[in-house]
Amino acid sequence: MKGYCGKLLRVNLSDGKVSKEDMSEDIQLGFLGGRGFAAKLLWDEVKRVDPFSEKNKVIFSTGPLTGQAIPNSGKMVIASKSPLTGGYGDGNIGTMASLYLRRAGYDVLVVEGKSKEPCYLMVEDDKVSIIRGSALWGKNTFEAQDILEEKHGKNIGILLIGPGGEKLVRFANVISQKGRAGGRPGLGAVMGSKNLKAVIVKGSGTIPNYNDNKLKELAKKGYSEIKEKRNYDFWIRQGTMQAVDWCNENACLPTHNFREGVFEFYKELNGEMLERIKTGRKGCPMCNMQCGNIVNDSSNMASELDYENVAMLGSNIGMKNLRETALLNRIADELGLDAISLGSCLGFAMEASEKGLIPEKIRWGDFQIIKDLIMDIIKGDGFGKIISQGVRAASETIGKDSFRWAMHVKGLEISAYNCHVSPAMALSYSTCPVGAAHKDAWIIGWEISTDRFSYGKEKVEKLIELQRVRGGILECLTICRLPFVELDFGYHKIPEYMEAITGNRFDWEASCKEIGDRVYSLIRAYWIRENNQFNRKWDYPPDRWFEEPQSQGKLKGMTLSREKYDQMLSWYYELRSWDQKGMPTEETLINLGLRGVFQEMMSQHGCWWSD
Ligand code: PTT
Ligand code: SF4
């Protein structure tokens, strides 16, 4: 089909075998790209394996919009079986590698096997090389990027891991361009387990589109329309950092390991403070609303700030100095650690220390101790070793009641929204296909502006609508969601783009439902096939939000209702045509074109469904 390269590049690091495979039109129509391709490949090829075994695969997946001349198209999905969660894991990263992969003639790159020694992979159009990388091993992501650019020139796309991935820290991610980050569920560690330090992509071809002239015309219009949007100027000034004030005002700013939703010192961390110290902007390729806020951190190095990082490495761990938080963020980028999970692990350690569950003295907001603890994560020393496995595993290690305030769903640490009184957002975290990420449905904005106290069915309907659009279609197209969400750019642009690219009519509503639901149900089946113990409880947020009210702010004294949450979850399953154990039924899977998936899911799955 036009708009696709129609090729998958497969590289096996164990034996150096390289193959170029055709991708059928059925796959393109049925799964669209990005997350859809990744979910299909993982379902077909990565079955019941240890995420760190050489049988796991890393999938770099693009969609038909990737690398096109249109706004915000410089992104790709990286996916794998997650070592943090044991289920499906992916992340969406802005990188030149996405454009170059398509220009090199591939929609997807699959890396499998394991190299005997550290290496990096270089894809240059037809030529694929596995290059010795021992000299890069141990380098941080900034150093390694410089070395690789020095050697191979600047016109390349680089995806790389830091010491976090090398040391198999389970929340290590993948970094590109010194500040773009993706693959929260430990995808950097999967690369590390393969001795793969980096992937470099260079491509010189073009994407075979149906009507390039029409696309150029639409793109030109799109770029200027974005600049004219009402919120554009403010967005350029603060980007996602505008959320600090909003979250504090609405008592959902994660504070002290999500115990509270307001932070006394939030003004030290907010968008206004950012503007005072901001030195520049950065962002993904093909974007004219660049949202990476550059500041000088407390060691005078450049650091790129987003709301999530600042909340999790700020209020959540009691930090009240933006430059110091920026340094923690820079360290996370250098080491290739997911800043959200890192902030959650640090908060967990602080609370464990405060409660006397561990001998280490790890005080809230103690900058030096925090920096030392981060280095211990990498070195595998002391409590650092325990939290390097993520908060779920850490709570299993230290026991007592710590599971109640280990802030994760399905093993993925919760991103930066406290849900003591946001039932729809709690459900969003709990049903997100990678674990507790906000990417699939940031419903909290709508929820707070309507009725945050309600547990009505309309919230569940809205959640599924958002998941279909964002987690379903945008992740398959791989395009950045922010212009649509933050600037109200208009989803109707997407069918126009798709029609110019593929020559086929693209029915937005139908695609959201059919493709979005197919991908969601397949990923759900993947979780069930891969985890004997999977059950309804995995779709619950942590006990803290049900049992332990905030002690300050306008939500003081309030919690989620377990009974009402459970009702919402039942509606959620019903609306997805899954059974009340959270499992897609055979009929649902067949209706979604996934014949055979039910049998395989059940044949692998152990004990829970018979109870
Ligand atoms: C994403 C997650 C996010 S989401 C943030 S801030 W955010 C954190 N950023 C990190 C970072 O930085 N350094 C680091 N060491 N770890 C980090 N972990 C966290 O990772 C990112 C933007 C952002 S900034 C958001 S919301 C949007 N996310 C999108 C998405 O998920 N899908 C999509 N189609 N478009 C999106 N657009 C926006 O992209 P993960 P990026 Mg990221 C320094 O991948 O695994 O989903 O984690 O990609 O290029 O950095 O852009 O307030
Ligand atoms: Fe990247 Fe931000 Fe632009 Fe999206 S809005 S493409 S995340 S720079």
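It should be emphasised that the depicted structure is a prediction, and the values quoted were computed from it without experimental measurement.

A.B. asks: Tell me about the overall build of the protein chain, residues and numbers included.
C.D. replies: The secondary structure content of the protein chain amounts to 26 helices and 17 strands. For 611 residues, the compact-globule formula gives about 25 Å, and the C-alpha radius of gyration of the protein chain, at 22 Å, lands near that figure. On the principal axes, the C-alpha backbone points of the protein chain span a range of 60 × 55 × 50 Å. Looking at the 611 residues of the protein chain, the share that counts as buried comes to 65%. Taking contacts inside the protein chain between residues at least 6 apart in sequence as the whole, the part at least 24 apart equals 70%. Summed over its atoms, the accessible surface of the protein chain is roughly 21,300 Å², and 47% of this surface lies on carbon and sulfur atoms. Where the 81 positive side-chain charges of the protein chain centre and where its 79 negative ones centre are 2 Å apart.

A.B. asks: Got a sec to walk through the pairing of strand S3 (residues 58-61)? Specific residues and values, please.
C.D. replies: Here S3 shows no split at all, with Val58 and Phe60 on one side and Ile59 and Ser61 on the other all buried. Pairing analysis gives four bridges linking S3 to strand S6 (residues 108-112), with the strands arranged antiparallel. Each bridged residue has a counterpart across the sheet, and for phenylalanine 60 the counterpart in S6 is leucine 109. Direction of pairing for S3 relative to strand S4 (residues 75-81): antiparallel, over a ladder of three bridges. When the bridges of S4 are listed, isoleucine 59 appears paired with alanine 79.

A.B. asks: Let's hear about the coordination of the magnesium atom of ligand 1: which residues, and what values?
C.D. replies: In this structure, Asn92 (O) and Ala181 (O) serve as the protein donors to the magnesium atom of ligand 1, at separations of 2.4 to 2.7 Å. Placement of the pair is asparagine 92 in strand S5 (residues 88-94) and alanine 181 in strand S11 (residues 180-182), with a sequence separation of 89 residues.

A.B. asks: Tell me about the packing of aromatic side chains, and please be specific about residues and values.
C.D. replies: One pass over the structure, following the stated rule, counts 20 aromatic pairs. An angle of 70° between the planes, with centres 6.4 Å apart, marks the rings of tyrosine 572 and tyrosine 573 as edge-to-face. By the burial criterion, tyrosine 572 is buried, and tyrosine 573 matches it. Ring-pair connections join several aromatic residues into one group, and the members of that group are Trp246, Tyr307, Tyr417 and Trp442. Lying over the aromatic face of phenylalanine 142, arginine 330 brings its terminal NZ or CZ to 4.1 Å of the ring centre. In this structure, lysine 355 packs its charged tip against the face of tryptophan 405, placed 4.8 Å from the ring centre.

What counts as what
Residues numbered from 1 in each chain as written. Chains lettered and ligands numbered in written order. Predicted model: local features only at pLDDT ≥ 70, side-chain atom pairs only at ≥ 80, totals over all residues. Heavy atoms only, no water. Helix = DSSP H or I, 4+ residues; strand = E, 2+ residues; numbered from the N terminus. Rg over C-alpha atoms; globule rule 2.2 N^0.38 Å. Buried < 20%, exposed > 50% of the residue type's maximum accessible area, 1.4 Å probe, protein only. Contact = heavy atoms within 4.5 Å. Areas by Shrake-Rupley, 256 points an atom, 1.4 Å probe, with all protein chains shown as cover. Lys, Arg positive; Asp, Glu negative; His and termini not counted. Charge placed at Lys NZ, Arg CZ, Asp CG, Glu CD. Pairing = 2+ DSSP bridges. Donors = N, O, S within 2.8 Å, 3.2 Å for Na, K, Ca; no water. Phe/Tyr/Trp six-rings, centres within 6.5 Å; stacked < 30°, edge-to-face > 60°. Lys NZ or Arg CZ within 6 Å of the ring centre and 35° of its normal.

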